Amino acid sequence: MRIGIIGTGVAGSLLAEALQDAPGHDVTAFERVAPDDHAEAGTGLNIGPNALKSLRLAMPARHAALRAASLPWNRWFVDLTDGTRLLDLDLLEVAEEPGVRIRWSELYRLLRAPVAGCTRHGHALEAVEEDAAGRLVPVFRTAQGLVREGGFDLLVGADGRYSRLRALTAGEPEGTLLGVCIWRLLVTQAADCPYDDYGQWFQGNARLLSFRVPGGAVYIAGTFPIGPDGVVDEGMKTPAAQRALFTPPGGAPCPAVAWMLDRIAAQIDDIHWARSATVPLLRTAAGGRALFLGDAAQAMVPTLGQGATQAVECGVVAGQVLRRGGTVADIAAARDPRVEFVRDFSLAASDTLLPGCDVVAGTQAKTRPDFLAKLRRTYVDVA
Ligand SMILES: Cc1cc2nc3c(=O)[nH]c(=O)nc-3n(C[C@H](O)[C@H](O)[C@H](O)COP(=O)(O)OP(=O)(O)OC[C@H]3O[C@@H](n4cnc5c(N)ncnc54)[C@H](O)[C@@H]3O)c2cc1C
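The sections below set out a description of the structure shown in this document.

### What to know about the overall build of the protein chain
1) Next: Looking only at helices and strands, one finds 12 helices and 19 strands in the protein chain.
2) Next: For a compact globule of 383 residues, the expected C-alpha radius of gyration is about 21 Å, and the protein chain comes in at 21 Å, within 12% of that figure.
3) Next: The C-alpha extent of the protein chain, read off along each of the three principal axes, is 70 × 40 × 40 Å.
4) Next: Split into buried and exposed, the 383 residues of the protein chain put 55% on the buried side.
5) Next: Put simply, 72% of the contacts in the protein chain that link residues at least 6 apart link residues at least 24 apart.
6) Next: Measuring between centres, the 38 positive side-chain charges of the protein chain sit 2 Å from its 43 negative side-chain charges.

### What about the sheet that holds strand β14 (residues 199–203)?
1) Next: As summarised here, the arrangement of the seven strands in space is β6-β5-β14-β15-β16-β13-β17, forming an open sheet in which the pairing is mixed. One side of each edge strand has no neighbouring strand; the edge strands of this open sheet are β6 (85–90) and β17 (272–278). Neighbour to neighbour, the strand axes of the sheet diverge by 20 degrees on average, direction disregarded.
2) Next: Across the sheet, helix α7 (residues 255–266) touches β13 (176–187), β14, β15 (206–213) and β16 (217–225), and the angle it forms with β13 is around 85 degrees.

### Quick look at the site of the ligand
1) Next: Inspection of the region around the ligand gives 33 residues, with E31, N46, Y108, R112 and D295 positioned closest.
2) Next: Within the backbone of V10, a nitrogen or oxygen atom sits 3.0 Å from an oxygen atom of the ligand.
3) Next: Protein burial of the ligand: of its 1000 Å² of free accessible surface, 90% is covered by the chains.
4) Next: At the level of elements, α1 (10–19), β3 (44–47), α4 (104–112), β9 (124–130), β13 and α9 (307–323) are the ones that each hand at least two residues to the shell around the ligand.
5) Next: The element that contributes the greatest number of residues to the shell around the ligand is α9, accounting for four residues.
6) Next: Taken together, the residues of the shell around the ligand break down into 15 nonpolar, 11 polar and seven charged.

### Quick notes on the pattern of salt bridges
1) Next: Applying the stated criterion across every chain, the model contains 27 salt bridges.
2) Next: Between D79 and R85 there is a salt bridge, and its shortest N-O distance comes to 2.8 Å.
3) Next: The exposure class assigned to D79 is buried, which follows from its relative accessible area of 5%.
4) Next: Across the pair R161 and D295 runs a salt bridge whose closest N-O atoms are separated by 3.9 Å. In this pair, R161 is assigned in the loop between β12 (154–157) and α5 (164–170) and D295 in helix α8 (residues 295–298), connecting sequence segments 134 residues apart.

### As for the packing of helix α2 (residues 49–58) against helix α3 (residues 60–68)
1) Next: It is at 6 Å that the axes of α2 and α3 come closest, and there the two elements cross at 135 degrees. Classified by the angle between their axes, α2 and α3 sit oblique to one another. Here α2 contributes L52, L55, R56 and A58 to the contact with α3, which in turn contributes P60, R62, H63, L66 and R67.
2) Next: A class-by-class count of the residues in the contact of α2 with α3 yields five nonpolar, one polar and three charged.

### Thoughts on the nonpolar core
1) Next: If you look at the biggest cluster of nonpolar residues, it comprises 49 residues, and the most contacted ones within it are W76, L375 and Y379.
2) Next: Leave out the neighbours within four places in its chain, and Y379 touches P49, N50, W73, L91, V94, A95 and Q306.
3) Next: Membership of the second largest hydrophobic core comes to 43 residues, among which are A69, I102, C314 and V317.

### Observations concerning the packing of helix α10 (residues 328–348) against helix α12 (residues 369–380)
1) Next: One way to put it is that α10 packs onto α12 with a least axis distance of 11 Å and a crossing angle of 140 degrees. Classified by the interaxial angle, the pair formed by α10 and α12 is oblique. The element α10 and its partner α12 pack so that their crossing is left-handed. Contacts from R338, F341, V342 and F345 of α10 reach α12 at F371, K374, L375, R377 and T378.
2) Next: Grouping the constituent residues of the contact of α10 with α12 by class yields five nonpolar, one polar and three charged.

### Quick notes on the environment of G171
1) Next: Mapping G171 onto the fold places it in the loop between α5 and β13.
2) Next: Sequence-wise, G171 and T142 are 29 residues apart; in three dimensions their C-alpha atoms are separated by 23 Å.

### A look at the sheet that holds strand β19 (residues 290–292)
1) Next: Spatial ordering of the open sheet is given by β8-β2-β1-β12-β19-β18, a layout of six strands whose pairing is mixed. The open sheet terminates on both sides in strands that have one partner only, identified here as β8 (119–120) and β18 (284–285).

Cut-off values and rules
- Throughout this document, residue positions are counted from 1 along each chain, in the order its sequence is written.
- Given that the model is predicted, a residue must reach a pLDDT of at least 70 before its local features are reported, and side-chain atom pairs must reach 80 or more before they are shown or counted; all residues, however, enter totals for whole chains, interfaces and linings.
- Note: side-chain values were computed over all heavy atoms of the structure, leaving out hydrogens and water.
- The helix count covers DSSP runs of H or I at least four residues long, the strand count covers runs of E at least two residues long, and both are numbered beginning at the N terminus.
- Radius of gyration here is computed from C-alpha atoms only, and the compact-globule reference equals 2.2 Å multiplied by the residue count raised to the power 0.38.
- Here's how the labels work: a residue is buried when its accessible area is under 20% of the maximum for its type, exposed when over 50%, partly exposed in between, all with a 1.4 Å probe on protein chains only.
- Only heavy atoms enter the contact rule, under which two residues are in contact if any of them lie within 4.5 Å.
- Only four residue types enter the charge count: Lys and Arg as positive, Asp and Glu as negative, with His and the chain ends excluded.
- To locate a charge, take atom NZ for lysine, CZ for arginine, CG for aspartate or CD for glutamate.
- Here, any two strands with at least 2 DSSP bridges between them count as paired.
- Angular values range over 0 to 180 degrees, each being the angle between N-to-C directions of two axes fitted as lines to C-alpha atoms, with helices fitted over their stretch in contact.
- Put simply, a residue is near a molecule or strand once any heavy atom of it comes within 4 Å of that molecule or strand.
- A 3.5 Å cut-off defines polar contacts: any pair of N or O atoms within that distance qualifies, except that in protein one atom must be a possible hydrogen donor and the other a possible acceptor, and neighbouring residues in sequence count only when both atoms are side-chain atoms.
- Calculation of accessible area relied on Shrake-Rupley with a 1.4 Å probe; when residues are assessed, cover is drawn exclusively from the protein chains displayed.
- Residues are grouped as follows: Ala, Val, Leu, Ile, Met, Phe, Trp, Tyr, Cys and Pro are nonpolar; Asp, Glu, Lys and Arg are charged; all remaining types, including Gly, are polar.
- By definition here, a salt bridge exists when the distance from a side-chain nitrogen of Lys or Arg to a carboxyl oxygen of Asp or Glu is within 4 Å.
- By the definition adopted for this analysis, an angle is roughly parallel if under 35 degrees, roughly antiparallel if over 145, roughly perpendicular if from 65 to 115, and oblique otherwise.
- Here the nonpolar core consists of buried residues drawn from Ala, Val, Leu, Ile, Met, Phe, Trp, Tyr and Cys, with membership extended through side-chain atoms lying within 4.5 Å.
- By convention, the crossing between two helices is left-handed when the near helix turns anticlockwise from the far helix through less than a right angle, and right-handed when the turn is clockwise.

In short, the description is geometric, and any link to function would need to be established separately.
Next up, the structure:
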């Protein structure tokens, strides 16, 4: 079976690794960026315990590499920006092992290295044609111009949230905005940072999220509500506006928030501004000749840190199913109900980011047994 994988991000790299030595499979991965070009990678991220469990069971070498390149994600605390604690969760109460905290560039490096031999870099999918046998023929834009790579029995769209393969075979998906701006920053000189593990700090429905990542760096993400038009006001992209957003009225911010506000002011030009959105789940197209994994199939809100985490599960499950001769329908059956559950749960858990939700009551609800049971299901119930 000739399989072409579009994109060697999270899901694509893991699938390529699982299939590259599998008898009966001829795998080629196509990646638009050059080797060692991680410029498009984000800053830092937390990966959930469920991705680690999935890797530990199916791809132990990748599990070990990920653990070695990261810091453990053991706790999740939620404070108000004045330092009042609302939630403090030991992840092992709801998971079988910790998650990880890692830099994006490091994650891509360790996932892409094992599949370098079957990856063609500098290949950006541009179009899809069909050969006389009815197989899909990807057309790539390269430095040498457009290149056709012959027919594939299966093309896998692992090309992320703005999947070109999905747009070409199933049309551009209609995204739904959550109604919040989300920005990300990596602080590389962070020896004086007053915290370590994963924390969130709320001021009204605006929230800072931060944790240390390896190499003495700290990842900071901010979110704040935006209007129904989805426009992020340029006036919000200033140190003064961000300081006003996260400073408790009539009081001083706690030391952690004060530290972040200073870093935001110093690095405002390094901040990447985006909007949180979802797209409808789609697993296959072109009569089963195209399969979608990770964000290409299921872009979700990042509230529970499940985007890359679910992309890991996708890559692992698709690799296992295809290795044993299964079909895209088998992959859909194994993945779709779980993805629907995690997407819905992530969306519901975003309540405290939206106007109208009382942050204290909403966060306290996340300490109740029903929420913790869903978190356990998310972190433990891997296929
Ligand atoms: C602000 C923010 C914070 C987030 N934080 C977290 C977090 O803490 N934890 C978490 O689990 N998730 C997080 N996510 C989600 C996470 O970024 C994605 O869910 C994850 O990267 C999806 O993995 P993927 O393999 O589907 O795609 P990606 O990792 O995006 O990989 C896609 C690959 O395809 C390549 N590509 C794209 N187009 C083409 C083309 N036309 N031709 C060839 N190659 C192509 C790209 O170069 C890339 O290598 C966050 C997202 C955002 C926006």
